[in-house]
Each structure stands twice: as C-alpha cells, then as structure tokens.
Amino acid sequence: MMKPLQIALDGPAGAGKSTIAKTLAKKLGYVYIDTGAIYRAVTYRALNEHVGLEDGPALAAMIAEMDLRLVPSESGQRVFDGATEVTDLIRSSEVTNNVSFVARQPEVRDALMDLQRDLAKEGGIVMDGRDIGTHVLPGADLKVFMTATVEERARRRHDENVSKGLPSDLEQLQREIALRDKRDSEREVAPLRQADDAHYLDTTKLSIDGVVEAIERLMKQVVKR
Ligand code: CDP
Ligand code: CDP
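Criteria and cut-off values
- Residues numbered from 1 in each chain as written.
- Chains lettered and ligands numbered in written order.
- Predicted model: local features only at pLDDT ≥ 70, side-chain atom pairs only at ≥ 80, totals over all residues.
- UniProt positions renumbered as here; feature names shortened; annotations may be inferred.
- Helix = DSSP H or I, 4+ residues; strand = E, 2+ residues; numbered from the N terminus.
- Contact = placed C-beta atoms within 7 Å.
- Near = placed C-beta within 6 Å.
- Nonpolar A, V, L, I, M, F, W, Y, C, P; charged D, E, K, R; others polar.
- Axes fitted to C-alpha atoms, helices over the stretch in contact; angles between N-to-C directions.
- Parallel < 35°, antiparallel > 145°, perpendicular 65-115°, else oblique.
- Left-handed = near helix turned anticlockwise from the far one by under 90°.

- Per an unreviewed UniProt entry, the protein goes by Cytidylate kinase and derives from Exiguobacterium alkaliphilum.
- Per its UniProt entry, the protein bears the Subcellular location (unreviewed entry) comment "Cytoplasm".
- Per UniProt, the protein carries the Sequence similarities (unreviewed entry) text "Belongs to the cytidylate kinase family. Type 1 subfamily."

Here you go:
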C-alpha cells in the first residue's frame, strides 16, 4: 500500500483550499485538517474574553488555558474548545475580519505550532492554511500553492452566501478579502507565500473537479519519486 502522505495546501482566502482539501481527503481516505479554524477559535475566544487582539503574550496565556480539539467529521472537521463546540461560531464575520490581527502575533503562531504538527505526524492528511508548506510542514510530501484572482475569490464567497440565503455584498467581500490577504502576506512571521518547492496552481478558470484532478496528477509524480 502507498505510504500515507502529508499534503499541504496553502493560499489566500477563497482560493478553494478547504473545498479541495475536503474532497481530496474523502477520496483518499485521509484526514482533512483546516488550520485556519485554529486561528479562528483563538480569535473567537479572545473576542469573548476581551483579550487584546494584538497582545501576543496575553493571547499566548489564553491559548495555554484552551483545550482546542479538531475532530474529523462527515462534513469536514468539527472544532471544540474544551466541551464547547465552536465549529459554526468561528465563521462569523466578526471573527473573519479580526482573525488576521491575532494570526500575526508571533507568540500566537508559536503557541499553535506543536498542535498542528502533532495532528499531521502520522501522515494521511490534507492540511490547509497559509504557512503549512513554509513553516508547519516544511517536509510535506506534496505542497500546492493555490490561488485565483481576488475578483473570482470574492465571487465564489458571494455565490456561497447567496446559495445559503445569507445577505452578501460582492464589493464589500472583495474589499475584505483584499485586506485580509494584505495582512496575511505582509506580516513579519510566517507570511502567506509560496514555498520554494510548492506547485503553483491558479484555479481562476478551473472547476472544483478540475483542481482535484490537477492535484491528483501531482500526487502521482510524488508516488513515482
Ligand atoms: O477559509 P478562509 O480562507 O476564509 O480563512 P481560514 O483558512 O479560515 O483562515 C483564517 C485566517 O487565519 C487567515 O486569514 C490567516 O490570518 C490565519 N491563518 C494563518 O495565519 N495561518 C494558517 N496556517 C491558517 C490561517
Ligand atoms: O478555503 P478557501 O478560503 O481557500 O476557499 P473555500 O472556503 O474552499 O471556498 C471556495 C468557494 O469557491 C467554494 O464555495 C467552492 O465551491 C468554490 N470553488 C472552488 O472552491 N474551486 C473552484 N475551482 C471553483 C469554485
């Protein structure tokens, strides 16, 4: 049997990372790990407990008190902080628009590194995030840097909201995504960037199936190596 691989998918918001990672994990019988959910859960708790979103040491102390658990599920991944399930709560626009402030604190990134590596250590995982190929799993078997134009990514989020019957403003989404990308790319610690050994995949004109097929082709090259 093929050795269970570590697959790292990085890229900006709305590139399709979680959709593709979930689909791929299901096809391969792998575990899907959404690292953005970890930063979101920390942000959610900091907002609730009024911990400064740019106070690295205070956030690290709060993280030390948290019992964060990512549990694989049929629909992807459930997230718990202690006994409380926060899977849906961490998707609010308040969390979305504040998470990159929290994520740029070095103390926060340090405090969350071991948890992420531990989740990946057995292989057989598809992990998505911003710095998986560059920092969390520098030795991953396959690294893909997925992206799409900001217009396309905002349109995808907009369509998603509309299909769920949620209010959505395309131009506002585009502004928010561009701002979050800027904060994620310009931060000093572990910025969003393509690892030197990552494959670049522009998904602007690709369907979900097209992206999955492209990654499966890359996987075959890894297996042959
Ligand atoms: O799904 P979406 O693209 O909206 O974002 P996400 O993957 O849930 O990530 C939320 C935020 O967490 C990002 O905008 C980053 O600020 C941060 N993040 C990070 O810094 N490093 C990661 N490995 C994953 C997420
Ligand atoms: O995780 P990330 O923020 O990178 O993106 P996502 O949450 O997977 O959202 C991408 C959205 O675009 C989903 O609604 C997908 O159905 C859609 N989409 C895609 O992921 N890939 C394509 N090639 C085309 C559309």
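What follows continues from the structure just given.
## Remarks on the UniProt feature "binding site: ATP" (unreviewed entry) in the protein
Okay, step 1: Here the UniProt feature "binding site: ATP" (unreviewed entry) sits at G11, P12, A13, G14, A15, G16, K17, S18 and T19.
Okay, step 2: One can find P12 in the loop between β1 (6–10) and α1 (17–28).
Okay, step 3: Excluding its chain neighbours within four sequence positions, the residues that come into contact with P12 are T147, R153, D181 and L192.
Okay, step 4: In this fold, T19 is placed in helix α1.

## A look at the site of ligand 2
Okay, step 1: Close contacts around ligand 2 come from 15 residues, with G16, K17, S18, T19 and R156 the closest.
Okay, step 2: It is α1 that contributes the most residues to the shell around ligand 2, three residues altogether.
Okay, step 3: Residue classes in the shell around ligand 2 are distributed as five nonpolar, seven polar and three charged.

## Comments concerning the packing of α1 against helix α9 (residues 208–224)
Okay, step 1: Running from N to C, α1 and α9 cross one another at 60 degrees; their axes reach a closest spacing of 10 Å. Taken together, α1 and α9 sit at an angle that is classed as oblique. Of the two elements, α1 crosses α9, and the hand of that crossing is right-handed. Judged by residue contacts, T19, I20, T23 and L24 of α1 engage I208, V211, V212 and I215 from α9.
Okay, step 2: Of the residues belonging to the contact of α1 with α9, the class tally is six nonpolar, two polar and no charged.

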